[in-house]
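Summary of structural features
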Amino acid sequence: MPTVSRRLLLAAAGITVVPGRQAFASELTMTPEQTEGPFYPRTLPVDSDNDLVQVRGSPARAMGTVLHLQGRVLNGSGVPVPGGTMVEIWQCDSQGLYDHPRQPRREQRDAAFQGYGSVLTDADGRYTFRTLKPVAYPGRTPHIHLKLETPETRRLTTQFYLAGDPRNEGDFVWRQAVRGNPRDQAMIEMRLEPANGLESGAYTTWMDIVMPSSPPRA
Ligand SMILES: [Fe+2]
C-alpha cells in the first residue's frame, strides 16, 4: 500500500489509488475467455496426440502450412502452472472443413489432418503442438480453438488468431474478446516466425496462456 503522503501526491496528480489494488499491480492480463463454438469434436479421433499434421498409421501429411504452436500455461502472477494442465486444440483443415457432424461437406475434408489434438504441460508448464496455420471459413477469420484444464480444475476456453490479419476486425468473436483493448488482443494473436532449423516451410509461434485465478464455482 502507498504511504499517505504518496497517496496525497497521487491524488494531487489526479490519480486515484484504489486500496488493495496494489497487490495486483504485477498481475498479467488473463487470456480472454471465448466461446467454444459448435465444432468441438463429438468423438475424439483415435490419434489425438499433439501432432495434428500427421495421423498415426497414415503415410500422408496434412495439406496446408505447418505451424508449431508452443508456450507456457501461467497463473496471473506469471508463474508457470505446475505440470499436468490438459491443453486441447481443434481447428478446420486447409479447406476450412471441421471433422464434425455439423460440418457441411464433411466427407471432403482432408483425412490426413487430425483436426484435434491434446497434450499435458510438462513440469515447467510448457505445451507444444505441430498443427496448421489456420485458414478462414465462411463467417470467421482464421483461428485455432483451445480448451485448458489445470490439475486443480481451473478451466479456460479460448481461440487464437493470426496477428495482423485484416479479417480479424470483422470477426464477431475476435471483437468480443478484444473489446478494443490491446492487451487482450496481444493475448490471443499469434505472431508467426519462420520455423528455421525446426521444419522447412513451417512457422512457429510462442503463446503463453494466463489462466483464471480460481476454479469455477460449483
Ligand atoms: Fe471455429
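Analysis parameters
Residues numbered from 1 in each chain as written. Predicted model: local features only at pLDDT ≥ 70, side-chain atom pairs only at ≥ 80, totals over all residues. Heavy atoms only, no water. Helix = DSSP H or I, 4+ residues; strand = E, 2+ residues; numbered from the N terminus. Buried < 20%, exposed > 50% of the residue type's maximum accessible area, 1.4 Å probe, protein only. Contact = heavy atoms within 4.5 Å. Areas by Shrake-Rupley, 256 points an atom, 1.4 Å probe, with all protein chains shown as cover. Donors = N, O, S within 2.8 Å, 3.2 Å for Na, K, Ca; no water. Tetrahedral: all angles 85-135°; square planar, octahedral: opposite > 155°, others 65-115°. Pairing = 2+ DSSP bridges.

Remarks on the overall build of the protein chain
Along the protein chain, the regular secondary structure elements total 3 helices and 10 strands. Listing the helices and strands of the protein chain from first to last along the sequence gives α-β-β-β-β-β-β-α-α-β-β-β-β. Counting only residues that meet the buried cut, the protein chain has 45% of its 218 residues in that class. Across the protein chain, the fraction of contacts at a sequence separation of at least 24, relative to all contacts at a separation of at least 6, is 71%. Summed over all atoms, the accessible surface of the protein chain reaches about 11600 Å², with 54% contributed by carbon and sulfur.

Focus on the coordination of the iron ion
Distances from the iron ion to its protein donors, Tyr 98 (OH), Tyr 137 (OH), His 143 (NE2) and His 145 (NE2), fall within 2.0 to 2.3 Å. For the iron ion, the 4 donor atoms are set out with angles of 92 to 165 degrees between them, so the coordination reads as irregular. Of note, the iron ion draws all its donor residues from one chain, in the sequence arrangement Y-x38-Y-x5-H-x1-H. In this structure Tyr 137 comes out as buried when scored by relative accessible area, which is 15%.

Let's talk about the environment of Val 119
Among the structural elements, Val 119 can be located in strand E3 (residues 116-120). On the basis of relative accessibility, which here comes to 17%, the residue Val 119 falls in the buried class. Counting along the chain gives 68 residues from Val 119 to Asp 51, while the straight-line C-alpha distance between them is 9.5 Å. Those residues within four positions of Val 119 in sequence are excluded, and the remaining contacts are Asn 50, Thr 85, Met 86, Val 87, Tyr 127, Thr 128 and Phe 129.

Remarks on the pairing of strand E1 (residues 66-74)
For E1, the buried fraction is high: 8 of the 9 residues fall into the buried class. With 7 bridges joining them, E1 and strand E4 (residues 126-132) adopt antiparallel strand pairing. In the strand pairing of E4, Gly 71 is matched with Tyr 127. Relative to strand E9 (residues 203-206), E1 runs parallel, the two being bridged by 4 bridges. Note that in E9 the partner of His 68 across the bridge is Thr 204. Sheet analysis places E1 next to strand E10 (residues 209-210), joined by 2 bridges and oriented parallel. Each bridged residue has a counterpart across the sheet, and for Val 73 the counterpart in E10 is Ile 209.

Details of the sheet that holds strand E5 (residues 143-149)
Across the sheet, which stays open at both edges, the 5 strands sit in the order E3-E2-E5-E6-E7 with mixed pairing between neighbours. The sheet is open, and its two edges are formed by E3 and strand E7 (189-190), each paired on a single side. Here strand E2 (residues 86-90) pairs with E3 via 5 bridges, running antiparallel. Bridge assignment links Val 87 to a residue of E3, and that residue is Val 119.

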